[in-house]
Amino acid sequence: MKKITGNQLFVKALREEGVDVLFGYPGACTIDISDELYKQDYTRVILPRHEQALVHAADGYARSTGKVGVCLVTSGPGATNLVTGLATAYYDSVPLVCFTGQVPRNLIGNDAFQEVDIVGMTRSVVKYGVTVHDRAELGKIIKMAFHIAQTGKPGPVLIDIPKDIQTEVGPAEYPDKVEIRGYKPNESVHVGQLKRAYKLLKAAKKPLILAGGGVIISRANDKLQEFAEKMNVPVVTTIMGKGAIPTTHPLYVGNSGMHGKYASNKAVSECDVLFSIGTRFNDRITGDLNEFAPKAKIVHIDVDTASISRNVVVDVPVVSDANLALEKLIEWAEPKRTKAWMDEIEAWDKENPLEMRRDRGMTPQIIIEHINKNFGNAIYVTDVGQHQMWATQYLEIDKGSQLITSGGLGTMGFGLPAAIGAKIANPQKDVVCISGDGGLQMNIQELATSIVQGAGVIICVLNNYYLGMVRQMQQLFYGTR
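Residues numbered from 1 in each chain as written. Predicted model: local features only at pLDDT ≥ 70, side-chain atom pairs only at ≥ 80, totals over all residues. Heavy atoms only, no water.

### Some words on the nonpolar core
The test is simple: Definition of nonpolar core: a set of buried residues of the types Ala, Val, Leu, Ile, Met, Phe, Trp, Tyr and Cys, connected through side-chain atoms within 4.5 Å. Between buried and exposed lies partly exposed: a residue is buried under 20% and exposed over 50% of the maximum accessible area for its type, with that area taken using a 1.4 Å probe on protein chains only. Here, two residues are considered to be in contact whenever any of their heavy atoms come within 4.5 Å of each other.
Membership of the largest hydrophobic core comes to 40 residues, with the highest contact counts inside it found for Phe 23, Leu 82, Leu 96 and Val 381. The contact partners of Leu 82, leaving out residues within four places of it in the chain, are Glu 51, Leu 54, Val 55, Val 73, Cys 98, Thr 100 and Leu 158. Core analysis: the next-biggest nonpolar cluster, separate from the first, contains 36 residues, Leu 194, Ala 197, Val 215 and Ala 325 among them.

### Quick notes on helix 16 (residues 364-374)
Put simply, the test is: In this description a helix means any DSSP run of H or I spanning at least four residues, a strand means any run of E spanning at least two, and both kinds are numbered starting from the N terminus. Think of it as the arc spanned by the lines of direction from the helix axis to the C-beta atoms.
Where helix 16 is concerned, the buried positions are Pro 364, Gln 365, Ile 368, Ile 371 and Asn 372. One face of helix 16 carries all of its buried residues, which in axial projection span an arc of 120°. Exposed side of helix 16, more than 90 degrees from the buried face: His 370 and Lys 373 are the residues found there. In this structure, the buried side of helix 16 is in contact with strand 15 (378-382), helix 17 (386-394), strand 17 (430-436) and strand 18 (458-462).

### As for the packing of aromatic side chains
Centre distance and the angle of the planes are the two values used to describe a pair of aromatic rings. Keep this limit in mind: Note on aromatic pairs: the rings of Phe, Tyr and Trp (six-membered ring only in Trp) are paired at centre separations within 6.5 Å, and the planes decide the class, stacked below 30 degrees, edge-to-face beyond 60, tilted for the rest.
Under the defined criterion, the tally for this structure stands at seven aromatic pairs. Seen in terms of ring centroids, Tyr 198 and Trp 332 are 5.9 Å apart; in terms of plane orientation they differ by 55°. Their pairing is tilted. With Tyr 198 in helix 9 (residues 191-203) and Trp 332 in helix 14 (residues 322-332), this pair connects stretches of sequence that are 134 residues apart. Comparing Tyr 198 with Trp 332, the two get one shared label, buried. Ring geometry for Phe 227 versus Phe 275: centroids 5.9 Å apart, planes at 40°, classification tilted. Residue Phe 227 is located in helix 11 (residues 221-231), and its partner Phe 275 is located in strand 12 (residues 273-277); the two are separated by 48 residues in the primary sequence. Look at Phe 227 and you get buried, because its relative accessible area is 0%. Residue classification places Phe 275 among the buried positions, given a relative accessible area of 0%.

### Digging into the packing of helix 3 (residues 51-65) against helix 18 (residues 415-425)
Keep this limit in mind: Only the contacting stretch of a helix is used when fitting its axis, a line to C-alpha atoms as for every element, and angles between N-to-C directions run 0 to 180 degrees. Put simply, angles under 35 degrees are roughly parallel, angles over 145 are roughly antiparallel, angles from 65 to 115 are roughly perpendicular, and the rest are oblique. Crossings are sorted by hand: turned counterclockwise from the far helix by less than a right angle, the near helix makes the crossing left-handed, and turned clockwise it makes it right-handed. Basically, the charged four are Asp, Glu, Lys and Arg, the nonpolar ten are Ala, Val, Leu, Ile, Met, Phe, Trp, Tyr, Cys and Pro, and anything else, Gly included, counts as polar.
With their axes 6 Å apart at the nearest point, helix 3 and helix 18 run at an angle of 50° to one another. By the angle class used here, helix 3 and helix 18 are oblique. For the pair helix 3 and helix 18, the crossing hand works out as right-handed. Residues Ala 53, His 56, Ala 57, Gly 60, Tyr 61, Ser 64 and Thr 65 of helix 3 form the contact with helix 18, whose participating residues are Pro 417, Ala 418, Gly 421, Ala 422 and Ala 425. Partitioned by chemical class, the residues of the contact of helix 3 with helix 18 number seven nonpolar, five polar and no charged.

### Observations concerning the environment of Val 103
Tracing the backbone through its elements, the reader meets Val 103 in the loop between strand 5 (96-102) and helix 6 (118-121). Judged by relative accessible area, Val 103 falls into the buried class, the value being 3%. Separated by 373 residues in the primary sequence, Val 103 and Leu 476 have C-alpha atoms spaced 50 Å apart. In contact with Val 103, other than residues within four places in its own chain, are Cys 29, Ser 75, Ile 108, Ala 112, Phe 113, Gln 114, Glu 115, Pro 162 and Lys 163.

### Observations regarding the pattern of salt bridges
Any two side chains of opposite charge can pair, so long as their charged atoms come close to each other. Filter applied, for reference: Salt bridge, as used here: a side-chain nitrogen of Lys or Arg that lies within 4 Å of a carboxyl oxygen of Asp or Glu.
By the definition in use, this model includes 25 salt bridges. Between Lys 223 and Glu 327 there is a salt bridge; the shortest N-O distance is 2.9 Å. One end of the pair, Lys 223, is in helix 11; the other, Glu 327, is in helix 14, with 104 residues separating them in the sequence. What emerges from the salt-bridge pattern is a single network uniting Asp 35, Glu 36 and Lys 39.

### Some points on the sheet that holds strand 9 (residues 207-211)
Basically, it comes down to this: Between any two strands, pairing holds if DSSP finds at least two bridges.
Taken together, six strands build an open sheet; the order of strands is 11-10-9-12-13-14 and the sheet is parallel. Two strands in the sheet have a free side with no partner beyond their single neighbour: strand 11 (252-255) and strand 14 (316-319). Taking each pair of neighbouring strands and ignoring which way they run, the sheet shows an average axis angle of 15°. Against the sheet, helix 11 engages strand 9, strand 10 (235-237) and strand 12, with an angle of about 175° to strand 9.

### Concerning the environment of Leu 354
Looking at where Leu 354 falls in the secondary structure, it is placed in the loop between helix 15 (339-351) and helix 16. Residue classification places Leu 354 among the partly exposed residues on the basis of a relative accessible area of 24%. Taking the C-alpha atoms as reference points, Leu 354 and Ser 218, separated by 136 residues in sequence, lie 29 Å from one another. Those residues in contact with Leu 354, other than ones at most four positions away along the chain, are Gly 260, Lys 261, Gln 365, Gln 393 and Tyr 394.

### Re the side chain of Thr 392
With respect to the helices and strands, the residue Thr 392 is situated in helix 17. Residue class for Thr 392 comes out buried when judged on its relative accessible area of 0%. Discounting chain neighbours no more than four positions away, the residues touching Thr 392 are Ile 239, Lys 242, Asn 255 and Leu 403.

### Side note on the pairing of strand 12
In terms of burial, strand 12 is a largely internal element, five of the five residues being buried. The pairing of strand 9 with strand 12 spans five bridges and is parallel. Within the sheet, the bridge partner assigned to Ala 211 lies in strand 12 and is Ile 277. As defined by bridge partners, strand 12 adjoins strand 13 (residues 297-302) across five bridges and the pair is classed as parallel. Counted as the bridge partner of Ile 277 is Ile 301 from strand 13.

Shown next, in the form of structure tokens:
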């Protein structure tokens, strides 16, 4: 039986998994892997200027393609610099496989130089994390990592590889598939439950579809649009779901929740059936749970069993991937008479439009509208703060474009590296990074990565000379202190 080193198996695994781009920063405990990567020409290695930026770049790559983003960092501080990016990906369900170097096995637990228990530290923000203790298990563990990251509800996986495992010889085989005891992500839809949900929608007088990030993650945008059109039902989105249906579509109302449109929130309050797909109902969407959709029967379709009825108790739960559920729903869909209901929503929008005054010079709305006019088929990546809210309110996202933003964790410093990752994945597309002065400075060193990699992104900085969201809270609630 042929034997190869752990490093050679690592490189072979990347090829088998179709990893064309790896975001890596070298160090003492991964130097052997880096050396092995020099000897191949399949996987392109991107060297960023900071590990936190590296994981955000892999995140932008993954969100823009639907593929797994792959990272490689060294032990100790290299590994701890991943934590924020892992949490960012975890809360937004982004598939990442992150490899960290570790000190040799005989030094683990001895407080060796650049030794940390990164698996223990990140347990609550990864789908799966493990230190490899046996060279013979390396291939199986890498296969498991890629399988877990991209199945069910996607998320980040962390594999910690001790330095001596990397150089040890062992089996050359990389498995085709893997069976994981206790891990059985849902790959079907309960037709009975879905029929109950559909009947509720069919009987509704004031139906409303609420689309979340799950629709975009499962690449079900076209199916959602087809279903909404066949049923003639209006659609509101969460911030993460923006773009699930083109924003110029006549059935699209706008974002709902704390940073949404008046008409969208009024529609949620007045609807009699809220048909939600791929959302967690977090606090930014619901506000006071006792007052959320008070007149509605609520349907909740989500791939994650744990998300259903966790925040909002629902009437019809359906555990399913958005794609599968919508495929079935399209088969049954029949048009409804919703003109009076649509007119009511339109009247609310006219009474309270999401508008900034146009007689006082340049506003964020005018800036975003200018971006809309100049870019069509683009990927828009935001940082976090006021500019993010303005972008999610005023950007037009059509079929050819996409919005990437840190929704669950709200990570400042995400925008620029994620935009670079998206540009590396989509060199033919315009990538526009909309940022604030605060967020841009958090990972501004990545301008060097952008130049070196030839990944030219367009950066629009809404510079207000402070952290706008924080300043707003100080002005409203803290006597401007």
